[in-house]
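One letter stands for each residue in the lines below.
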Amino acid sequence: MTTLARARFSQLVLPRLDEGYRLAHWLTGNATDAEDVMQEACLRAYRAIETFAEGNARAWFLTIVRNTGYSWLQRHRPRAVIFAEDLAPEARAALDAGTLHAEAPETPEAALIAHDEAGRLGRAIEALPVPFREALVLREYHGLGYREIAEVTGAPIGTVMSRLARARQHLLERLAKDGR
């Protein structure tokens, strides 16, 4: 590789390693597996850095991480089951009316409750099928818009919207079930 390629890799990829790791961790559900995915994704990005045309470097790198993560999952884990139900109107209404963000805890008891709720939410997200979890994580944790998610995942915007709706529906159902 040329010095220019190394400099370009340092400029375009290295600042996004944390973000790529978080995506890999959400895809694999495991820190060690995420490190394996990131190592392979960085190698792929390094090899392809000279072919990257000016554009959205974030989406380009996250696409590499995503594709690497799926390749890794196919080699090391069975396929995830994907649910095909549509978002129920009452679940959508509950989602629109509710919020997953809590006020800052003011007491040790409130902090403990908030910590427990965050753990429940994390477990519920980890239980989602990979395509749903991926869309949700890219939207809610990485702040990507629908078009960017579509670019990263290679799915049409309608599919992205559907996956997000279904992911949210499954989260609501899981959290309601766990709350009993």
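Residues numbered from 1 in each chain as written. Predicted model: local features only at pLDDT ≥ 70, side-chain atom pairs only at ≥ 80, totals over all residues. Heavy atoms only, no water.

Draft legend 1. Inspection of the nonpolar core at higher detail. In terms of nonpolar packing, the biggest core is built from 46 residues, with Val-13, Trp-60 and Phe-61 touching the most fellow members. Aside from chain neighbours lying at most four places away, what touches Val-13 is Arg-8, Ala-45, Ile-49, Trp-60 and Phe-61. (Core = buried A, V, L, I, M, F, W, Y, C linked by side-chain atoms within 4.5 Å. Buried < 20%, exposed > 50% of the residue type's maximum accessible area, 1.4 Å probe, protein only. Contact = heavy atoms within 4.5 Å.)

Draft legend 2. Molecular detail of the environment of Ile-64. You can see Ile-64 is positioned in helix H4 (residues 57–76). You can call Ile-64 buried: its relative accessible area is 14%. Along the sequence, Ile-64 and Val-37 sit 27 residues apart, while their C-alpha atoms lie 10.0 Å from each other. Ignoring anything within four residues of it in the chain, the contact list for Ile-64 reads Ala-41, Arg-44 and Ala-45. (Helix = DSSP H or I, 4+ residues; strand = E, 2+ residues; numbered from the N terminus.)

Draft legend 3. Summary view of the packing of aromatic side chains. Under the counting rule described, the total for this entry stands at three aromatic pairs. Centroid distance Phe-9 to Tyr-46: 5.2 Å. Interplanar angle 80 degrees. Geometry classified as edge-to-face. Remark: Tyr-46 occurs in helix H3 (residues 31–48) and Phe-9 occurs in helix H1 (residues 3–12); sequence separation between them is 37 residues. Given the relative accessible area of 11%, Phe-9 is considered buried. Both rings, one in Phe-52 and one in Trp-60, keep their centres 4.7 Å apart while their planes meet at 40 degrees; by these two values the pair is tilted. Relative accessible area serves as the criterion here: at 16%, Trp-60 is assigned to the buried category. Sitting over the ring of Tyr-146, Arg-139 keeps its end group 5.1 Å from the ring centre. (Phe/Tyr/Trp six-rings, centres within 6.5 Å; stacked < 30°, edge-to-face > 60°. Lys NZ or Arg CZ within 6 Å of the ring centre and 35° of its normal.)

Purely spatial values, then, with no claim about function.
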